[in-house]
Amino acid sequence: MRKENIVLVGFMGCGKTTIGKKLARANDCVFIDMDDEIEKRAGMKITDIFEKYGEAEFRKMETELCEELSVRQGCVIATGGGVIKSEKNMELLKKNGIVLYIKASPEHIYNNIRGDKSRPLLNGGNKMKKIRDMMEERRPLYEERSDVEADITGMKSSEAVGLIMDILREMEK
Ligand code: S3P
């Protein structure tokens, strides 16, 4: 088991959860999905947290969880797509972890989540446009606040895991 955490960041729907589960299995690591953990603790879905308490409250929960995760070891952590908006979150996650940006084209993302209603920030209106606009806005943050990136556009999750394993091995050399 590796000591350092592997922290997956990237835009909503890029596959952090699916890839993270497989990556954890391959590395004999514990898998933690931050959104799932927040939902469990709040006892409600992310959409309901946003609706009832607002995004700011959700962000507080996210940062509290980053604080807890910063002292863990040997985990693969799938973050929520907005975790990189806070510098504090990233400092915390980097304490014990390598931050890997899963990059994918807007089309790849759209294909993954076109029928999905669980992401409040993309609900209502033109989903493709929302993806493009928000991705453009966040791109510099993903690039600046990650340690390494993997472009998985057009790949199946198993191929993406292979690429990420290669990148991690290369970094250990
Ligand atoms: C968000 C991404 C979501 C979830 C919340 C906000 C964001 O996670 O945390 O809806 O701001 O990008 P996923 O990236 O797992 O969809």
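See the structure above.
Since this is a predicted model, take the numbers as computed values, not measurements.

S.K.: So what exactly am I meant to see when it comes to the pairing of strand 1 (residues 5-9) here?
M.R.: Both faces of the sheet carry side chains from a regular strand, because those side chains alternate between them. The element strand 1 is extensively covered by neighbouring structure, given that five of its five residues are classed as buried. Residue alternation in strand 1 divides its side chains into two sets, Asn 5, Val 7 and Val 9 and Ile 6 and Leu 8, and both sets are buried. Note: strand 1 against strand 3 (residues 75-78), three bridges, orientation parallel. When the sheet's bridge partners are listed, Ile 6 is paired in strand 3 with Val 76.

S.K.: Is there a simple way to explain the site of the ligand in this structure?
M.R.: The full set close to the ligand counts 13 residues, and Lys 16, Asp 35, Arg 59, Arg 119 and Arg 138 are the nearest of them. A distance of 3.1 Å separates an oxygen atom of the ligand from a polar atom in the backbone of Gly 82. Protein chains shield 95% of the accessible area of the ligand, which is 380 Å² for the free molecule.

S.K.: It is not clear to me how the packing of helix 3 (residues 46-53) against helix 4 (residues 55-69) should be interpreted in this structure. Could you clarify?
M.R.: The axes of two packed helices give the description: the angle between them and the distance between them. At a minimum axis distance of 7 Å, the contact between helix 3 and helix 4 shows a crossing angle of 125 degrees. With respect to each other, helix 3 and helix 4 are oriented oblique. Here helix 3 contributes Ile 46, Ile 49, Phe 50 and Tyr 53 to the contact with helix 4, which in turn contributes Glu 55, Glu 57, Phe 58 and Met 61.

S.K.: What is the right way to read the environment of Val 99 from this model?
M.R.: Assignment of secondary structure puts Val 99 in strand 4 (residues 97-103). What makes Val 99 buried here is its relative accessible area of 0%. Each C-alpha atom of the pair Val 99 and Ala 24 lies 15 Å from the other, and the pair is 75 residues apart in sequence. When sequence neighbours within four positions are dropped, the list of residues in contact with Val 99 reads Val 7, Val 9, Met 90, Lys 94, Arg 145, Ser 146, Asp 147 and Val 148.

Conventions and cut-offs
Each chain carries its own residue numbering, running from 1 in the direction its sequence is written. Since the coordinates come from a predicted model, pLDDT governs what is reported: local features require at least 70, and pairs of side-chain atoms require 80 or more to be given and counted, while whole-chain, interface and lining totals use all residues. The side-chain numbers reported here are obtained from all heavy atoms of the structure, hydrogens and water having been left aside. Exposure is judged per residue with a 1.4 Å probe applied to protein chains only, and the accessible area is read against the type maximum: over 50% gives exposed, under 20% gives buried, and values in between give partly exposed. Secondary structure elements are defined from DSSP: runs of H or I of at least 4 residues count as helices, runs of E of at least 2 residues count as strands, and each element is numbered from the N terminus. Here, strands pair whenever DSSP counts at least two bridges between them. Proximity is defined per residue: any heavy atom of the residue falling within 4 Å of a molecule or strand makes that residue near it. A 3.5 Å cut-off defines polar contacts: any pair of N or O atoms within that distance qualifies, except that in protein one atom must be a possible hydrogen donor and the other a possible acceptor, and neighbouring residues in sequence count only when both atoms are side-chain atoms. Method for areas: the Shrake-Rupley scheme with a 1.4 Å probe, in which residue coverage is limited to the protein chains shown. Throughout, an axis means a line fitted to C-alpha atoms (over the contacting stretch in the case of helices), and angles, computed between N-to-C directions, take values from 0 to 180 degrees. To sort the angles, those under 35 degrees are grouped as roughly parallel, those over 145 as roughly antiparallel, those from 65 to 115 as roughly perpendicular, and the leftovers as oblique. By definition, residues are in contact when any of their heavy atoms lie within 4.5 Å.

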